[in-house]
Amino acid sequence: MSKAYVFTRNGGPEVEALVDQDTPVPGPGELLVAVRAAGVNPVDWKLRAGYTRPGSEPQPFPTVLGSEAAGVVEAVGPGVEGFAPGDEVFGNPVTGGYAEHTLLPVSVTAHKPAGLPFADAAVLPVAAATAYDGVRQLGLAPGATLLVTGAGGGVGTAAVQLARHAGVRVIGAASAAKKDFVESLGAVHVASGPGLADRVRAAAPDGVDAVFDLVGGDTLREVAPLLSDPATLISAGGKPLAVELGGAAVERARNAAVLDEVAKLVVSGVLRTFLTRTFPLAGAGEALRAVESGHALGRIVIEVTA
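Residues numbered from 1 in each chain as written. Predicted model: local features only at pLDDT ≥ 70, side-chain atom pairs only at ≥ 80, totals over all residues. Heavy atoms only, no water.

1. Overview of the packing of helix α3 (residues 124-138) against helix α4 (residues 154-165)
Then, in step 1: Following both chains from N to C, one finds α3 and α4 inclined at 45°, their axes separated by 8 Å at the closest point. Between α3 and α4, the angle falls in the class oblique. Along this stretch, α3 crosses α4, giving a crossing that reads as right-handed. Residues Ala127, Ala128, Thr130, Ala131, Tyr132 and Val135 of α3 form the contact with α4, whose participating residues are Gly154, Val155, Ala158, Ala159, Leu162 and Ala163. (Axes fitted to C-alpha atoms, helices over the stretch in contact; angles between N-to-C directions. Helix = DSSP H or I, 4+ residues; strand = E, 2+ residues; numbered from the N terminus. Parallel < 35°, antiparallel > 145°, perpendicular 65-115°, else oblique. Left-handed = near helix turned anticlockwise from the far one by under 90°. Contact = heavy atoms within 4.5 Å.)

Following this line, the structure appears as structure tokens:
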């Protein structure tokens, strides 16, 4: 048996529970991994509340929470090559990350560099990989100006760092409480909320060349007209709306090669993970509440005892 933090139906925190369940068995192309750390993301509570990823079927209950994890391979499924028991890995689990054991498909699993702690590796597959895909999709030249909405969140923090590393000037929209943090990343901070477009114009009088949106909704509608070419708008926060406005959704690669690249960037010091709080598996609910509040600064991780 293996402990896991699950939701038993769609709803709020009241549907969550720490349970014992059978240890999963790896199928073709899968790894059984003893989890050492799991990243906590907004998508976790959104899935609990009833959100279904596009193209996905609703999962049967109970469903283990968590979209990214790092740990040690205990067994490999049929046809697996390049991985063996004892390997340290990280990736996107198919059976949830808030657990003592999970299954990782080799297509979205990478070997963890020896110098990268499990906790740092565990926060790369969702936010950092999304940011990497988006910045690469925009392909901005050095000296261009990029507006990142939601710059103080997990994806935004990574996107700002990656864009700055590429020589791009970044305007980061975030709450006033995150001003110092956003500026520490090398971005020009503008306060989020109504009137954002005017504040961006003041910060970038020559205009912005692209928008990387992580908020959607009214924020996306307000900033889209800042662009002379709507094709330079991408979004991970309001994908259908971005398309409606002439932009595009962030094109996710979802492969091991991207995970390898972001891990190298962390090890080299280009990309910082900004881990701020860790919780044990028994405190997974508290960890999720911290993210669900929308006020968390930096990344939150669940650490699982070996």
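2. Re unusual backbone geometry
Then, in step 1: The residue after Phe61, namely Pro62, is reached through a cis peptide bond having omega -5°.
Then, in step 2: Following the sequence through the fold, Pro62 ends up in the loop between α1 (42-49) and β4 (63-64).
Then, in step 3: The phi torsion at Arg254 lies on the positive side, around 50°, for a residue other than glycine.
Then, in step 4: As for its position among the elements, Arg254 is in the loop between β14 (248-249) and α9 (256-268).
Then, in step 5: Even without being glycine, Phe274 reaches a positive phi, approximately 55°.
Then, in step 6: Of note, Phe274 is situated in the loop between α9 and β15 (275-280).

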